[in-house]
Amino acid sequence: PMIYYPLSVLMKAGIKDILIICTKKDLNNFKDLLKDGYHLGLNFSYKIQNFPNGIAESFIIADDFIGNDNVCLILGDNIFSGNNFQEYLMLAKNNLVKGNSSIFGVTVENPCDFGVIEEHNGKIIIIEKPKQTQSNLIVSGLYFYTNDVINISKNLKPSKRNELEVTDINNYYISNDKLKLIRLDKDISWIDTGTHESLVEASTFFRKIELKTSKKISCIEEIALNLGYIDAIQFEKLANNMSNSSYGKYLKKLIKIES
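Quick look at the structure, then. (Residues numbered from 1 in each chain as written. Predicted model: local features only at pLDDT ≥ 70, side-chain atom pairs only at ≥ 80, totals over all residues. Heavy atoms only, no water.)

Observations concerning the overall build of the protein
In step 1: Along the backbone of the protein there are eleven helices and ten strands.
In step 2: A compact globule built from 259 residues would reach a C-alpha radius of gyration of about 18 Å, and the protein, at 19 Å, matches this within 12%.
In step 3: Dimensions of the protein, computed from C-alpha atoms along their principal axes, come out at roughly 60 × 40 × 35 Å.
In step 4: Across the 259 residues in the protein, those meeting the buried criterion constitute 44%.
In step 5: Side-chain charges in the protein split into 30 positive and 31 negative, and the spacing between the mean points of these groups amounts to 3 Å. (Helix = DSSP H or I, 4+ residues; strand = E, 2+ residues; numbered from the N terminus. Rg over C-alpha atoms; globule rule 2.2 N^0.38 Å. Buried < 20%, exposed > 50% of the residue type's maximum accessible area, 1.4 Å probe, protein only. Lys, Arg positive; Asp, Glu negative; His and termini not counted. Charge placed at Lys NZ, Arg CZ, Asp CG, Glu CD.)

Considerations on the pairing of strand β1 (residues 17-22)
In step 1: As paired elements, β1 and strand β2 (residues 43-48) share six bridges and run parallel to each other. The partner of Cys22 across the bridge, within β2, is Ile48.
In step 2: For the segment spanning β1, helix α2 (residues 24-34) and β2, crossover handedness is right-handed. (Pairing = 2+ DSSP bridges. Right-handed = clockwise from strand over helix to strand, strands pointing away.)

Description of helix α5 (residues 85-97)
In step 1: For α5, with 13 residues, the first-to-last C-alpha span of 19 Å sits near the 18 Å given by 1.5 Å per residue.
In step 2: All buried positions along α5 are accounted for by Phe85, Tyr88, Leu89, Ala92, Asn95 and Leu96. Angular distribution of buried residues about the axis of α5 spans 115°; they occupy a single face of the element. Seen from the open side of α5, the exposed residues pointing more than 90 degrees away from its buried face are Glu87 and Val97.
In step 3: Next to the buried residues of α5 lie α1 (4-12), β4 (78-81), β5 (101-107), β8 (137-145) and β9 (179-183). (Expected span 1.5 Å × (residues − 1). Arc of directions from axis to C-beta. Contact = heavy atoms within 4.5 Å.)

Some remarks on the environment of Ile150
In step 1: Among the secondary structure elements, Ile150 is positioned in helix α6 (residues 149-154).
In step 2: Since its relative accessible area comes to 4%, Ile150 is described here as buried.
In step 3: The sequence separation of Ile150 and Glu222 amounts to 72 residues, and the corresponding C-alpha distance is 33 Å.
In step 4: If near-sequence neighbours (up to four positions away) are discounted, Ile150 is found in contact with Phe59, Asp63, Ile66 and Gly67.

Take a look at the structure:
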């Protein structure tokens, strides 16, 4: 399922307490798929966003869940892949320790469809879906924020699209010199699957990798095992529960390799 990709990013960042925010219509499907996360060594919670009021509303919805902690947000349609991607995640976590939030910049051919990162007088600013720009660097859908993001979000005013914009959060941190830009290099693949075309692109991209390497990308059960979130016995139980599918057969093959 698509959600395995963003979940794998959070897992690789060492995050085990995860809140899934979705529509009321999708809630039961996610609960049926992921349950409480115990089988993966994770803790899943769920909340509903009743209306598409913008990404920044997530932090208001998640207020009680976040509590006094710092927080990472990843959009459900964003895919990141690359052998050294975990190093970037650790860099963002280290920034949090120093009191700084982080965004991840990627270069694209269609920057005006996203929040564009422009540089003016030696400082960056972010412009949400500009009509034109000289920059090809955009903000991807992964954010590491210090705890004050909750209050920042609560004080935002809706944009012309009548949404609470994550771009306004980022620009607030920039104005206070509290935002670090982490540029992802060309070895990191990023795909926003928000359109049918990009979904097909992602499917083709990962099929080629899997055929070439015989490895599945973002296999959350395998990641849970490798990170020590579950043991070999728990992993084998998960594999047996899915043994009739190609995904389950992949897990069963990993058991033989481990043994």
